[in-house]
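# Close look at the chain arrangement
Here is how the chains run, residue by residue.
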Amino acid sequence: MVLLVVVTGVITTMREKESLENELRKRGLALAADLAKFTTRPLLDNDLPTLRRFVNHSMEQDYVRHVFLLDLQGKVVMHNNLDEVGKTYGDGINVAAMQSHDPGCLKSHFPNNGEHYYDIFTPILVADTRLGTVRLGYSYMAVEKEIAAARQQIIILGLVTIITGGIVAYLLATFISSPIKQITDATRKVAEGDLITRLTIQRNDEIGELALSFNRMTEDLHRTTISRDYVDNIIGSMNDTLVVLDQNASIVSVNQATCALLGYRQDELVGSSINKILPREEKDYFKFHFNTFLAGQKVVNLELNYQTIDGLKVPIFFSAGLLHSKEGAVDGVVGIARDVTERKQAEESLRQSESELRYLSSQLLTAQEKERRRLSVELHDELGQALMVLKLKVRAIQRVWGTDQDPLKKECDEVIGYINEVSENVRRLSRDLSPSLLEDLGLTIAMRRLVEISCAHSGIAYSLDMTELDDLFSHSERITVYRILQECLTNIAKHAQATRLSIILREEDGSFYFRIDDNGHGFDLHETFAGDPSKRGLGLSAMNERVRMLGGSLDIVSRKGSGTTTSFRVPIKTKG
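Residues numbered from 1 in each chain as written. Predicted model: local features only at pLDDT ≥ 70, side-chain atom pairs only at ≥ 80, totals over all residues. Heavy atoms only, no water.

Our next topic: the overall build of the chain. Secondary structure summary: the chain contains 18 helices and 15 strands in total. Contacts in the chain between residues far apart in sequence, at least 24 positions, make up 56% of those at least 6 positions apart. Accessible surface computed for the chain: about 34900 Å², of which carbon and sulfur atoms make up 55%. (Helix = DSSP H or I, 4+ residues; strand = E, 2+ residues; numbered from the N terminus. Contact = heavy atoms within 4.5 Å. Areas by Shrake-Rupley, 256 points an atom, 1.4 Å probe, with all protein chains shown as cover.)

As a further point, take the nonpolar core. Among the nonpolar cores identified, the biggest contains 36 residues, and Met-447, Leu-485, Leu-505, Phe-512 and Phe-568 are the most heavily contacted of them. With nine residues, helix 15 (residues 475–496) is the largest single contributor of residues to this core. Beyond its immediate chain neighbours, meaning those up to four positions away, Leu-505 contacts Met-447, Leu-464, Asp-465, Met-466, Thr-467, Leu-469, Leu-485, Phe-512, Tyr-513 and Phe-514. Core analysis: the second largest hydrophobic core is formed by 25 residues, Cys-259, Leu-269, Ile-277 and Val-300 among them. (Core = buried A, V, L, I, M, F, W, Y, C linked by side-chain atoms within 4.5 Å. Buried < 20%, exposed > 50% of the residue type's maximum accessible area, 1.4 Å probe, protein only.)

The N-to-C vectors of helix 15 and helix 18 (residues 539–550) enclose an angle of 155°; their axes lie 10 Å apart at closest approach. When the interaxial angle is binned, helix 15 and helix 18 end up roughly antiparallel. For helix 15 against helix 18, the interelement crossing comes out left-handed. For the pair formed by helix 15 and helix 18, the contact residues are Glu-477, Thr-480, Val-481, Arg-483, Ile-484, Glu-487, Cys-488 and Asn-491 on the first element and Gly-539, Leu-540, Met-543, Arg-546, Val-547, Met-549 and Leu-550 on the second. Its residues assigned to classes, the contact of helix 15 with helix 18 shows eight nonpolar, three polar and four charged. (Axes fitted to C-alpha atoms, helices over the stretch in contact; angles between N-to-C directions. Parallel < 35°, antiparallel > 145°, perpendicular 65-115°, else oblique. Left-handed = near helix turned anticlockwise from the far one by under 90°. Nonpolar A, V, L, I, M, F, W, Y, C, P; charged D, E, K, R; others polar.)

If you check helix 18, its first and last C-alpha atoms are 17 Å apart, about what 12 residues at 1.5 Å a residue would give, namely 16 Å. Looking one or two residues past helix 18, Gly-551 carries a phi angle of roughly 95°, positive in sign. (Expected span 1.5 Å × (residues − 1).)

Let us look at the pattern of salt bridges. A complete count under the given rule lists 11 salt bridges for this structure. As a salt-bridge pair, Arg-569 and Glu-508 come within 3.4 Å of each other at their nearest N and O atoms. Of this pair, Arg-569 sits in strand 15 (residues 564–571) while Glu-508 sits in strand 12 (residues 500–508), and the two are 61 residues apart along the sequence. Arg-569 sits in the partly exposed class, given a relative accessible area of 40%. Glu-508 gets classed as partly exposed once you look at its relative accessible area, which sits at 25%. Salt-bridge contacts for Asp-517 lead to Arg-515; the nearest nitrogen and oxygen are separated by 2.8 Å. A residue is classified by how much of its surface remains accessible, and Arg-515, at 29% relative accessible area, is partly exposed. (Salt bridge = Lys/Arg side-chain N within 4 Å of Asp/Glu carboxyl O.)

By secondary structure assignment, the location of Met-14 is in helix 1 (residues 2–38). Residues Met-14 and Ile-147 lie 133 residues apart in sequence; the distance between their C-alpha atoms is 8.8 Å.

If you want to describe how two helices pack, look at the angle between their axes and the distance between the axes. Packing of helix 14 (residues 443–458) against helix 15 leaves a shortest axis separation of 11 Å and a crossing angle of 10°. It follows from the interaxial angle that helix 14 and helix 15 lie roughly parallel. From helix 14, Leu-443, Ala-446, Met-447, Leu-450, Val-451, Ser-454 and Ser-458 reach across to helix 15, where they touch Arg-478, Val-481, Tyr-482, Leu-485, Gln-486, Leu-489 and Ala-493.

Mapped onto the secondary structure, Thr-200 falls in the loop between helix 6 (178–191) and helix 7 (206–237). Judged by its relative accessible area of 61%, Thr-200 falls in the exposed class. Measuring from C-alpha to C-alpha, the distance between Thr-200 and Pro-179 comes to 9.1 Å, with 21 residues separating the pair along the chain.

On to the packing of aromatic side chains, then. In the structure shown here, the tally under the stated rule is seven aromatic pairs. Ring geometry for Phe-473 versus Phe-512: centroids 5.1 Å apart, planes at 90°, classification edge-to-face. With Phe-473 in the loop between strand 11 (461–466) and helix 15 and Phe-512 in strand 13 (residues 511–518), this pair connects stretches of sequence that are 39 residues apart. By relative accessible area, Phe-473 is classed as buried at 2%. (Phe/Tyr/Trp six-rings, centres within 6.5 Å; stacked < 30°, edge-to-face > 60°.)

With respect to topology, five strands assemble into an open sheet ordered 11-12-13-15-14, the strand pairing being mixed. Two strands in the sheet have a free side with no partner beyond their single neighbour: strand 11 and strand 14 (555–558). With direction set aside, neighbouring strand axes in the sheet form an average angle of 10°. Taken together, the six bridges between strand 11 and strand 12 define a ladder with parallel strand orientation. Its bridge partner being in strand 12, Met-466 is matched across the sheet by Leu-505. Contacts from helix 15 reach strand 12, strand 13 and strand 15 within the one sheet, and its direction differs from that of strand 13 by about 10°. The strands touched by helix 18 are strand 14 and strand 15; relative to strand 15, the strand with the most contacts, the crossing angle is about 25°. (Pairing = 2+ DSSP bridges.)

In this section: the sheet that holds strand 8 (residues 300–307). The antiparallel open sheet is built from five strands, whose spatial order is 7-6-10-9-8. Edge positions in the open sheet fall to strand 7 (251–254) and strand 8, since each of these has one partner strand only. Taken over all neighbouring pairs, the strand axes of this sheet differ in orientation by 30° on average, direction set aside. Bridging between strand 8 and strand 9 (residues 313–324) involves eight bridges; their strand directions are antiparallel. Along strand 9, the bridge assignment pairs Val-300 with Ala-320. Its contacts with the sheet put helix 10 (residues 280–294) on strand 6 (241–246), strand 8, strand 9 and strand 10 (330–339), and the angle it makes with strand 8 is roughly 150°.

The following block contains the structure:
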């Protein structure tokens, strides 16, 4: 150990000395190079104060003993000692510095005190033209101090190492049986349940192998125990029920949530078939999916019912995954079930509310038709008759006037023309409110006439493909079909700016097919239906509701700039 300390100390000292010398040379060369770079402009301008400032700044660096600048003839241009300025040195270092085109350094010493230093020189160049030379004396004292300190540390460290080695050798000889005792104590602790015990024996012999095997064993035991406790805590805190089944669909394990939901104790379920907690009508359904799952299906999701100990049915959403052994074989199935009673109740409430809303909508539309019919009758009978009476009275007044009242007779003619116009508007409004053609001539003629009048009024060309429709619908359904067509044509006239329509109204394969294509500017369905319902209007909503009343679903295909297609198909339920 002593020999090792001595050899290590010598080698370390030599390497550190070499490293420090290299570092010292590099530092001095860098400092000289910076000074040569900064003195270029002052040398060209013969700016001696600036050269003096750069030289003094370099002298402020640690271990710099002298700095001076030489011109091309070796004359001192600037020196840290102003008494040296103007002198010409003829020593060998100065000659070598003047002749060298690259930076360099030579080891030297001061005659007065014998201090060693590096005499570093660097040419001053401007565009490959030499202006002079920088010489810088860098003291070797820094290396000597570091070497002395390192040598002292190595001696101290060597002494400590030797003493420590002796103590270690003594302890090794004294406690040679300590590892055996550690293994014995650790084995006893593991047997008592302390699974975090570890042996710190680091040896390459049989005892070291035994210690390594012991640590691996305790780590495996600890990991397995922690993982099992961790999983048990997770399963125990789950709100969803968990059931583990073997390949025969027998219950291997359940969590507390399962027992709480079904009312069984854990020992009453473990070992029983899954059929124990399934209603009779669910058993075949579950068995089919269970066998399919074991055959290779990745994940199974089922909606079924559990049956409690009291016979109550609990709707659940059942998700299952395969349980594999370490060898990859299928050991069973892990099933997690969530109680969806509240969701089912909410869905049923929603369906009931939707059904009530549909009924209310149909009743509103029916009431609307009745009110339209009443208004139509009143317009036709009362207002129409009143306008007719007014027209007759004006004619009577016109007849009693003589020839000298010709201006007034002309006014009467204008009034009669206005009354005729109002009467025609009243008849049209009455027809729109309650189409008399539908009652008098049937659905086919009424719808043909509706298309003709609407397209003529809007100036839209059309093609109509229509079969006989009167025997396809009941009386109330005829009005509904008529209103759907009327609303569709009204929307096209108001919004589409179309010039051409294609209309198909026909019976096909036991159903009624309705389709209207226009070449208008179209619209964005998402923007229309996602916007504020209060700003959307009732046209499309009323059409959709009427189609639902017929047992169909309205389909609208549209895109901005490419027209709109409105269609639906409903089964024919009633004839006559």
